[in-house]
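# A structural walkthrough
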Amino acid sequence: MKNLVVYYSRSGNTETVAQEISKLVDGDVFKIELVKPIGFGWVGFTALAGLRGKIKPLTVNIKAYDNIFIGSPVWAGKSSTPVNTFLHETDFTGKNVFAFITQADFKTPGSVYESIAKRVEGNGGKVIDTFFIKTDMKNPLTPEQAKEAVSKWTDSIHYDK
Ligand SMILES: Cc1cc2nc3c(=O)[nH]c(=O)nc-3n(C[C@H](O)[C@H](O)[C@H](O)COP(=O)(O)O)c2cc1C
């Protein structure tokens with residue numbers, strides 16, 4: 001089975017988590033990128049409104065993978081706008097999806113998980129499991145911190161390897 005880790009990261013935390021996941025599940029990695037970087041205030045506003053950010057064309061063939069790990073930071077209590085676009089554009093038919101989130105809050109981001117699951121299922125996929133890491137907006141997450149949390153998660157999830 002082939003694993004893909006696809007994510008958006010503005011300040012590096014979700015990227016660090018994505019890299020640790022990719023090592024642990026032996027997956028390929030693809031970073032979603034905005035066409036134009038956007039400022040803090042606009043990021044929050046557009047996320048709160050549930051908008052989709054304009055992203056660069058996806059140069060990964062999702063069809064080639066069985067398990068898709070999707071990562072997003074939380075913005076204004078919601079998924080990030082670049083990930084919104086990815087979820088909207090992607091056909092998840094037959095895919096097992098694992099969602100991972102980074103956020104400043106320590107509370108489980110239940111509504112973010114639900115909204116991701118709804119969109120994945122709407123496009124034919126199935127969310128198998130979810131995971132989040134609490135980050136600190138002042139200090140970037142280190143690979144060591146990410147690895148410890150991520151390895152507990154990847155050990156606990158059931159996916160065809
Ligand atoms: C505009 C903006 C809004 C945010 N809103 C929230 C929020 O509502 N809840 C939360 O827990 N964290 C929030 N955060 C914190 C980020 O989710 C957190 O720093 C995350 O790890 C950033 O990931 P990144 O480094 O991959 O971009 C927000 C950050 C930004 C920039």
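An account of the accompanying structure is given in this report. (Residues numbered from 1 in each chain as written. Predicted model: local features only at pLDDT ≥ 70, side-chain atom pairs only at ≥ 80, totals over all residues.)

### Quick look at the nonpolar core
Where a protein is soluble and globular, its nonpolar side chains tend to be buried together. Residues V6, V17, F69, I70, V97, A99 and F100 are the most contacted members of the largest nonpolar core, which totals 37 residues. Not counting chain neighbours up to four residues away, the residues in contact with V17 comprise G71, F100, T102, I133, L141, A146 and V150. (Core = buried A, V, L, I, M, F, W, Y, C linked by C-beta atoms within 7 Å. Buried ≥ 20, exposed ≤ 12 C-beta atoms within 10 Å, placed from the backbone. Contact = placed C-beta atoms within 7 Å.)

### Some details on the site of the ligand
By nearness alone, 21 residues border the ligand, and S9, T14, P73, Q103 and D105 come closest of all. Those elements that place two or more of their residues in the shell around the ligand are α1 (13–25), α2 (40–48), β3 (67–75) and β5 (96–103). (Near = placed C-beta within 6 Å. Helix = DSSP H or I, 4+ residues; strand = E, 2+ residues; numbered from the N terminus.)

### Things to note about the packing of α1 against helix α5 (residues 143–156)
Where α1 meets α5, the axes come as close as 9 Å, and the angle between the chain directions of the two elements is 50 degrees. Judged by the inter-axis angle, α1 sits oblique to α5. For the pair α1 and α5, the crossing hand works out as right-handed. Here T16, V17, E20, I21, L24 and V25 of α1 come into contact with α5, specifically with P143, A146, K147, V150, S151 and T154. Within the contact of α1 with α5, the residues separate by chemical class into 7 nonpolar, 3 polar and 2 charged. (Axes fitted to C-alpha atoms, helices over the stretch in contact; angles between N-to-C directions. Parallel < 35°, antiparallel > 145°, perpendicular 65-115°, else oblique. Left-handed = near helix turned anticlockwise from the far one by under 90°. Nonpolar A, V, L, I, M, F, W, Y, C, P; charged D, E, K, R; others polar.)

### Details of the pairing of β3
Counted residue by residue, β3 has 9 buried out of 9 residues, so it is predominantly covered. Taking every second residue as pointing to the same face, both faces of β3 are buried, with N67, F69, G71, P73 and W75 on one and I68, I70, S72 and V74 on the other. Bridging between strand β1 (residues 3–7) and β3 involves 5 bridges; their strand directions are parallel. What sits directly across from V5, in β3, is F69. Bridge analysis of β3 against β5 gives 7 bridges, and the strand direction is parallel. Residue pairing across strands places I68 opposite V97, the latter belonging to β5. Linking β3 back to strand β4 (residues 78–79) in an antiparallel pair, the connection comprises 2 residues, with A76 at a positive phi of about 50 degrees. (Pairing = 2+ DSSP bridges.)

Without other data, these values stay purely geometric and don't point to any function.
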